[in-house]
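Here is what each chain is made of, one letter per residue.
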Amino acid sequence: MAALLSPDEVAGALAELDGWSGDTREIRRTLDAPSFPAAIRLVVEVAKVAEDADHHPDIDIRWRTVTFALSTHSEGGVTAKDTALARRIDELAEAHASS
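The notes below deal with the structure included here. Positions within a chain are numbered from 1, following the residues in the order the chain's sequence is written. For this predicted model, a pLDDT threshold of at least 70 governs which residues receive local features, and a threshold of 80 or more governs which side-chain atom pairs are given and counted, while totals over whole chains, interfaces and linings are taken from all residues. Hydrogen atoms and water are omitted, and side-chain values are computed over all heavy atoms in the structure.

What follows is about the layout of surface pockets. For cavity detection a 1 Å grid was placed over the protein atoms alone, and a set of points counts as a cavity when a 1.4 Å probe fits there but cannot get out; an open set counts as a pocket when protein lies on both sides within 12 Å along at least five of seven lines, with lining residues being those that have an atom within 4 Å of a point. Grid points are joined across faces, edges and corners, and a volume is the space filled by probe spheres set on the points. Approximately 180 Å³ is the volume found for the largest pocket. Of all the secondary-structure elements, those providing two or more residues to the lining of the largest pocket are β2 (27-32), α2 (36-53) and α3 (80-96). In this classification, the charged set is Asp, Glu, Lys and Arg, the nonpolar set is Ala, Val, Leu, Ile, Met, Phe, Trp, Tyr, Cys and Pro, and all remaining amino acids, among them Gly, are polar. Looking at the lining of the largest pocket residue by residue, the class counts come to seven nonpolar, one polar and five charged. Secondary structure follows DSSP: runs of H or I at least 4 residues long count as helices, runs of E at least 2 residues long count as strands, and numbering of each begins at the N terminus.

Turning to the packing of aromatic side chains, a few remarks are in order. Here is the rule: rings of Phe, Tyr and Trp (six-membered ring for Trp) pair when centre to centre is within 6.5 Å. Planes less than 30 degrees apart are stacked, more than 60 are edge-to-face, and the remainder are tilted. Considering all chains together, one arrives at zero aromatic pairs under this definition. Its guanidinium or amino end placed over the ring of Trp63, Arg64 lies 5.3 Å from that ring's centre, counting from NZ or CZ. Think of it as a cone above the ring: NZ of Lys or CZ of Arg counts as a charge over the ring if it is within 6 Å of the ring centre and within 35 degrees of the ring normal.

Moving on to the sheet that holds strand β4 (residues 65-70). A pair of strands is treated as paired once DSSP finds two or more bridges between them. In spatial order, the strands read β1-β2-β4-β3; together these four strands make up an open sheet with antiparallel pairing. The open sheet has two free edges, formed respectively by β1 (21-22) and β3 (58-62), since each of these has just one partner strand. Alignment of β3 against β4, held across five bridges, turns out to be antiparallel. Bridge pairing links Ile59 to Phe68 in β4. α3 rests against β2 and β4 of the sheet, and its axis sits at about 5 degrees to β2. Note on definitions: a residue-residue contact is assigned when non-hydrogen atoms from the two residues lie within 4.5 Å. Here an axis means a line fitted to C-alpha atoms, over the contact stretch when the element is a helix, while the angle between two N-to-C directions is reported on a 0 to 180 degree scale.

What follows is about the packing of α2 against α3. Running from N to C, α2 and α3 point in directions that differ by 145 degrees, and their axes come no closer than 10 Å. Here α2 runs over α3; the crossing is right-handed. Seen from α2, the contacting residues are Arg41, Leu42, Glu45, Val46 and Val49; seen from α3, they are Leu85, Arg88, Ile89, Leu92, Ala93 and His96. The residue inventory of the contact of α2 with α3, partitioned by class, reads seven nonpolar, one polar and three charged. Crossing handedness is read from the near helix: turned anticlockwise from the far helix by less than a right angle, it gives a left-handed crossing, and turned clockwise, a right-handed one.

Our focus in this paragraph is helix α1 (residues 7-16). Structurally, the α-helix is built with 3.6 residues per turn, so residues lying three or four positions apart point the same way. Note on classification: 1.4 Å probe, protein chains only; a residue is buried when its accessible area is under 20% of the maximum for its type, exposed when over 50%, partly exposed between these limits. Turning to α1, its buried residues number three or more, namely Val10, Ala13 and Leu14. On an axial view of α1, the arc spanned by its buried residues comes to 100 degrees, and they lie on one face. Exposed and facing more than 90 degrees away from the buried side of α1 are Asp8, Ala15 and Glu16. Here the buried face of α1 lies against β1, β2 and α3. Along the arc lie the directions from the helix axis toward the C-beta atoms.

Right, here's the structure in full:
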């Protein structure tokens, strides 16, 4: 069981996460990949990391635009699991930026 983050904790995390927005219910980021195949490769990499963490984002793919939404559904809001996965998504996005 993961503890919900307070509004101040979420705001602090968002200040450290480039491009992420949200509140205590959900955090989200939209990324533009260089191509549709690159967007799909990014989603596959995020899926692997999410599966390993047993924490799965909501993902919306529109051509080369991918939106990730994170919330710990079992807790009803944002927890440290979400901010940790957001950081991993950022790392993967950086690695896939030129693919």
